[in-house]
Structure formats: structure tokens, C-alpha cells
Amino acid sequence: LDVSMDPWSYFHTCLVSIWLHRLYIYSAVAFGISLWIVIQFTATGTKRKVGEGLLQDLGADKLGNGCAPPQAQEVHVAGVKIFYGSQTGTAKRFARTLAEAVTSLNLPVEVINMGDYDPEDGLAEETSSRNICVFLVATYTEGQPPESAAWFCKWLEEAASDFRVGKSFLQGLRYAVFGLGNSAYVDHYNTVGRRMDRWLWMLSASRIMTRAEGDCNVIQSRHGSIEADFEAWKAKFLTRLQALCKGEKKPCSGKCKKGKCKSSGKQSKESSDHEHGASEHENTEAEELFETSSEEETGGTDPVIDVEDLGNIMGHMKKAKVLLLEGVWNGAAGHLCCHSGYHLVCFVCQFLQAKLNCLMICALFSGYKLIGSHSGVKLCRWTKSMLRGRGGCYKHTFYGIESHRCMEATPSLACANKCVFCWRHHTNPVGTEWRWKMDQPEVILQEALEKHQNMIKQFKGVSGVKAARLEEALAVKHCALSLVGEPIMYPHINRLVRLLHQHGISTFLVTNAQFPEEIRRLEPVTQLYVSVDASTKESLRRIDRPLFKDFWQRFLDSLKALAEKVPTT
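Cut-offs used in this document
Residues numbered from 1 in each chain as written. Predicted model: local features only at pLDDT ≥ 70, side-chain atom pairs only at ≥ 80, totals over all residues. Heavy atoms only, no water. Core = buried A, V, L, I, M, F, W, Y, C linked by side-chain atoms within 4.5 Å. Buried < 20%, exposed > 50% of the residue type's maximum accessible area, 1.4 Å probe, protein only. Domains from an automatic or database assignment. Helix = DSSP H or I, 4+ residues; strand = E, 2+ residues; numbered from the N terminus. Expected span 1.5 Å × (residues − 1). UniProt positions renumbered as here; feature names shortened; annotations may be inferred. Contact = heavy atoms within 4.5 Å. Pairing = 2+ DSSP bridges. Axes fitted to C-alpha atoms, helices over the stretch in contact; angles between N-to-C directions. Right-handed = clockwise from strand over helix to strand, strands pointing away. pLDDT = per-residue confidence, 0-100. Patch = residues over 30% accessible without salt bridge, like charges linked within 9 Å, V, L, I, M, F, W, Y side chains within 5 Å. Areas by Shrake-Rupley, 256 points an atom, 1.4 Å probe, with all protein chains shown as cover. Salt bridge = Lys/Arg side-chain N within 4 Å of Asp/Glu carboxyl O. Phe/Tyr/Trp six-rings, centres within 6.5 Å; stacked < 30°, edge-to-face > 60°. Parallel < 35°, antiparallel > 145°, perpendicular 65-115°, else oblique. Nonpolar A, V, L, I, M, F, W, Y, C, P; charged D, E, K, R; others polar.

S.K.: Mind showing me how you'd approach the nonpolar core here?
M.R.: Soluble globular proteins tend to pack their nonpolar side chains together in the buried interior. Ranked by internal contacts, the top residues of the largest apolar core, which has 73 residues, are Leu 123, Phe 135, Leu 156, Met 196 and Leu 200. Viewed by domain, this core spans two of them, domain 1 (79-246) and domain 2 (353-564), each represented by three or more residues. Residues Phe 94, Phe 178, Ile 226 and Phe 237 belong to the second largest nonpolar core, which totals 29 residues.

Right, here's the structure in full:
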């Protein structure tokens, strides 16, 4: 019987057949894919082996002609730069000796006198040069650096404490420090080397090994003489250098934290701290040669206290108060002062024969020159930049004001806000009204000009400074009343502004928008700025943390007062 099927029935029958045998079809497809993967994997492995065989057949000569793999071409240490600051020539001699030893390792080496080097540009370049920087620096009279290293150390100190210089400014620079000193001078033993080590660390430079200290006092010297101390350190340095050349990335042999780097294990037993305070070390089991502490961390001997360090000093103040109550500190004068809600017990040793002003201790910032009891002046980084013939700040770009002829000052170190972004970490005096002994504007201006000019004169002979600009900088043509604090709080601000204008000095004043009436009473200044740090009441409270309870209304009134000062046409 001839039975015919229509196309749809035939197609339907095929689909049903495929569905019934789907498991066989899936298995066949999976087997095919697996077979293809195995073939591809085998072919790739064969090509790799052939390539390695050809590479081996090329030999060492071909590798030297540019066919080396990337790992063989990588350079971990490009060279060594040895900086020295010397007064009697010892550090210079050590630098040359170290250079000869480094040369024997087939590494490029350069010996540099700190007095002939511009650290602002030079050190920044070393962050990406893959060089190792070694600093051999002596401590001279009263804990000061040698004359040839004075500017180098001054720049490094200011860069480490200046909020406008990024804390990662020297990130990538690898360094080692060897200090030269005499432990007979207990109070100033190797202070320059310790401070330099700390300043470099604060700018994010990386130690390749812990700091070493050589001692000219043969009685106390760990190895019998400063030459022997240097030779012992040199041997460790060369060993460390060879390890770095092989690609070792361990930053140093100790644990670095908060500027301190202490070696562990055997090394800490072999090292000595050499802070020979006689009986202080009699009970110690082992002396440490490598110790990166500084006077800033241990209390120090510098009579100038940076307000940024007050947080660390608070603990010492509490202990000192207990000692005073117990009568341990006989002959030390003490008095109580209150700034920003803190109670500080200030002690004055007999040899000072004078009482320090408590506000002076609280207000002396790093690099600042205090004027009277509530004012200050400091060199701006743009002033230093323009002295070298470089660019100035935005006031130069916008208004033609020459930065090297600008004086940065304030008649009030105090402020009515405790902003979260404050670069003084909320340690400067705060208040909602004037509570300090008032200095006259004439005195403030005269001392500000004198101290500004004295700071300018210190740049004479500094590498890179233009003589013509140095001469011009002595004549101040602009004053930025924006250094720190709230300048408009000063009750005689109008008299001060008038005096500046009478001396042919233009004025730039910044206020934090919390004193609207003072803004209205303010006589014309060359430039008046009101800081607007937030756009809502709640965000202003969280960001500026103002002391006034009616801060938001004061903020709005300050903006209205500013608008009223805009001249109408």
C-alpha cells in the first residue's frame, strides 16, 4: 500500500526522533569539544618547548645583543649618590672612602657636597632614578649642622613640616644615614643625623637600613674610634647594597613605625644607641647603634616647641606635673596656662633665667616667627620658589603680585573654628572673642617686616637663588593676612591695614565668615576673601566645627556683609 506523507508530518517525525536520541547527540558534541581542547593544549605546549630550545641555542652572545628576557634587563640599583656635610673634613673623607668601595661593585657613584646641591629639585628627581642616596652628616656646635649643610637641613625640615608639601613628596627615594658626632656633648650628640633621618622618613622616603652613628669619643665609641664605627657600618651597607642589586625589596632590617626603626634579633644586640647619658645605660643589656628616634620624639633639647607636637608632649606634661608635686624638680619655676581647653604646666629651668610666655609656646609653629603675643610671620613656599626664578602663586597669575615680594603674616593666631581640614591639627588657640594682651599695629608691622627681611637674608648664597630677586624681596610690596587663625578678630585690624597701605604694601585678607560685624566695619583692603567651606547648615557644622552656637546665621550675615562691600556702578 502506497502511503504518502505530507511535509509537515515528515518534519514532525524527524524532530521526535532527535528528541528521543538527544542524549547520544549531547555526548557526541561534548566528546568533540573535549578532543578539540586537548589538541589545542598539546599544540601550545609544543610551540613553547620549541621556543625555549631556540633560545638556549642562541647562547650567551645572543643574549647580550638584546635577546635577553625582560627579567635579565631589569636594573634594581642604577647608582649611588653620597651626600656629605662636613666642618672638619671627616665626613668628606668618609664619603670618598665609601665611593671607592661602591665603585669596586661596578656601580656608578657620585660624591656631592650638600652646600652645592639644590634639594628642592634634586631630591624629587631621585624618587624615580633608582639611585641609593647616602647621607653622611656631622653635628657641629650646639647641635647645629655644618655650614655647608645648613641650607640642605633647613629646607628638609621645612618641607617635612609644611602642610603644603605633600607627605609623599620623596616617596620612592631610598636612603641611608650615617651621623658623625661626639658623645661627650650629651645634649647634642648626633642630633643632625637623627633629625635628617626623621625628616626624610616624614616625606615618605624609604630607609634601606637603619641609621648609624659614629662617635669621636674613643672612650665611648662602640668600635674604639669614629673611623672604626664607620668601617663597621660601611661593611653592612655594602652587604645591603649587594642584596638590593639582586632585587631584594625588604626596606630595612627593622620595624619602621612613627619614624622609629629598631633592628631585631642579633643586629639589635650588636648595635649601640650612643646616647651616653652615663648612668642611663648602665642597666641596659645591650646598646643600640642604629636608632632613628629624634629630639622631636623624645622631648629633645630645642627650646622651640612646634604646636604640632603638643599632642605628644601632653603625656610628658602630666608626668612632669606629678614630679613637680613630689618636689623632684627643685628650682624649676612652673605656672599654669589655659589655651583651647588644655591645661599645660610649663617649666622653665634655672639656666634660662626667664619665664616663657605660654602663648608663645603654644603658637610657635615650625618655621614661624612670633610677633609679640598674638601675631606671626612666615616665608611662603611660593616666595622661596620665586627667589629661584620659578613661578609664583595664583596671585601672581591673576593680579601680577610678585610672590618673592609678598609677606605672609597674621595679627591673630586664634580662630573661632576647628575645621576638620585645619593644617594645624586644632592645636592653635581658639575663641569667640579677643582675650589676649593686645600689641599695637605699629609694633606688629615693624617686627613683621624685620623678621621677614631676616628670613629673606638667610637665602643669600643659597644655590639657585637669583641675586636680583633677593634684593627685590627685601622691599615688601604685598602682605597676605592669611597665615593662620582669624586676622579679622584683631581689634585694631583697620589701623594695621592703613599702616600697610601707607607703606605702599597692598593687602590680602581672609576671614572664616563668623564675624559679620567686623566685616562691615573693615576698611577697604586690596583683596577680601570669605571662606565658604559648606553649602548647608549641617555640613558647615561637621566641616568647620564652629564655636559659635549661631554659626549659620553668622555665616549668612557674613556673606551679606561681603555683598554690601561690592562697589555699585
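Additional details are given in the paragraphs that follow.
S.K.: Whenever I open this one, helix 7 (residues 191-202) confuses me. Can you help?
M.R.: Compared with an ideal rise of 1.5 Å per residue, which puts 12 residues at 16 Å, helix 7 spans 16 Å between its outermost C-alpha atoms and is within 8% of the ideal. Summarising burial for helix 7: 10 of the 12 residues are buried, a large majority. Ser 204 occupies a position one or two residues after helix 7 and carries a positive phi of about 75 degrees.

S.K.: What's the story with the UniProt feature "transmembrane region" (unreviewed entry) in the protein in this structure? I'm lost.
M.R.: Sites flagged by UniProt as "transmembrane region" (unreviewed entry) map to residues 20-39. Between the C-alpha atoms that bound residues 20-39 the distance is 32 Å, and the span itself is 95% helix and 0% strand.

S.K.: Got a minute to help me understand helix 6 (residues 150-161) in this structure?
M.R.: In an α-helix there are 3.6 residues to a turn, and that puts residues three or four apart on one side. Its 12 residues give helix 6 an end-to-end C-alpha distance of 17 Å, which sits within 8% of 16 Å, the value for a rise of 1.5 Å per residue. If you check which residues of helix 6 are buried, you get Trp 151, Phe 152, Cys 153, Trp 155, Leu 156, Glu 158, Ala 159, Ala 160 and Ser 161. Those residues of helix 6 that are buried lie in contact with helix 5 (119-126), strand 3 (131-138), helix 7 and helix 13 (381-387).

S.K.: Please clarify how the side chain of Glu 126 should be interpreted in this entry.
M.R.: Within the secondary structure, Glu 126 sits in helix 5. Residue class for Glu 126 comes out buried when judged on its relative accessible area of 2%. Every residue in contact with Glu 126, bar those within four places of it in the chain, is listed here: Lys 81, Tyr 117, Asn 131, Cys 133, Gly 172 and Leu 173.

S.K.: Explain the sheet that holds strand 13 (residues 406-410) here, please?
M.R.: The strands making up a sheet associate through backbone hydrogen bonding, with each pair oriented either parallel or antiparallel. What the six strands build is an open sheet, ordered 11-12-13-14-15-16; its pairing is mixed. Two strands bound the open sheet, and with one partner strand each, they are strand 11 (369-371) and strand 16 (527-530). Pairs of neighbouring strands in the sheet enclose a mean axial angle of 20 degrees, with direction left out of account. With three bridges connecting them, strand 11 and strand 12 (residues 375-378) associate as antiparallel partners.

S.K.: Would you take a moment to explain the pairing of strand 14 (residues 478-481) for this structure?
M.R.: Where a strand is regular, its side chains alternate between the two sheet faces. Burial along strand 14 is two-sided: the face carrying His 478 and Ala 480 and the face carrying Cys 479 and Leu 481 are both buried. Bridge analysis of strand 14 against strand 15 (residues 506-511) gives four bridges, and the strand direction is parallel. Each residue of the ladder has a partner; that of Cys 479, found in strand 15, is Thr 507. As for the winding sense of the linkage, the β-α-β connection from strand 14 through helix 17 (residues 493-502) to strand 15 is right-handed.

S.K.: I'm lost on the confidence of the model for the protein in this one. Help?
M.R.: Predicted coordinates in regions of low pLDDT should not be interpreted in detail. Averaged over every residue, the pLDDT of the protein is 75; the share at 70 or more is 71%. Low confidence marks residues 58-72, where pLDDT is under 50. Its contacts with residues over four positions away, or in another chain, come to seven contacts. Contacts from residues 253-313, a stretch scored under 50 in pLDDT, to residues over four places away or in other chains number 139 contacts.

S.K.: How do you make sense of a nonpolar patch on the surface when you look at a structure like this?
M.R.: A surface patch of nonpolar side chains, amounting to about 850 Å² of accessible area, comprises Ile 18, Leu 23, Ile 25, Tyr 26, Val 29, Ile 33, Trp 36 and Ile 37. Top element by residues in the nonpolar patch is helix 2 (residues 22-67). It accounts for seven residues. By the element assignment, Ile 37 lies in helix 2. The partly exposed category is assigned to Ile 37, whose relative accessible area is 47%.

S.K.: How should the pattern of salt bridges be read in this particular structure?
M.R.: Applying the stated criterion across every chain yields a total of 20 salt bridges. Each of the salt bridges in this network shares a partner with another, and the network as a whole consists of Arg 194, Asp 197, Arg 207, Arg 211 and Glu 213.

S.K.: I would appreciate a short explanation of the packing of aromatic side chains in the present structure.
M.R.: Here a ring pair, both rings aromatic, is described through the centre-centre distance and the interplanar angle of the planes. Inspection of every chain in the model, using the stated rule, returns 19 aromatic pairs. Measuring from centroid to centroid gives 6.4 Å for Phe 94 and Phe 178, while their planes differ by 75 degrees, and the two rings are edge-to-face. Here Phe 94 is found in helix 4 (residues 90-103), whereas its partner Phe 178 is found in strand 4 (residues 174-181), with 84 residues between them in sequence. Consider the rings of Phe 178 and Phe 230, whose centres lie 5.5 Å apart with planes at 75 degrees: the pair is edge-to-face. Residue Phe 178 is located in strand 4, and its partner Phe 230 is located in helix 8 (residues 226-245); the two are separated by 52 residues in the primary sequence. With a relative accessible area of 1%, Phe 178 lands in the buried category. In this structure an aromatic cluster arises from ring pairing among Phe 94, Phe 178, Phe 230, Trp 233 and Phe 237.

S.K.: Honestly, the packing of helix 5 against helix 6 in this entry has me stumped. Any pointers?
M.R.: In helix packing, the relevant descriptors are the interaxial angle and the interaxial distance, both defined with respect to the helix axes. It is at 10 Å that the axes of helix 5 and helix 6 come closest, and there the two elements cross at 70 degrees. Classified by the interaxial angle, the pair formed by helix 5 and helix 6 is roughly perpendicular. Across the interface between the two elements, Pro 119, Glu 120 and Leu 123 from helix 5 touch Trp 151, Phe 152, Trp 155 and Leu 156 from helix 6. Of the residues assigned to the contact of helix 5 with helix 6, the class counts are six nonpolar, no polar and one charged.

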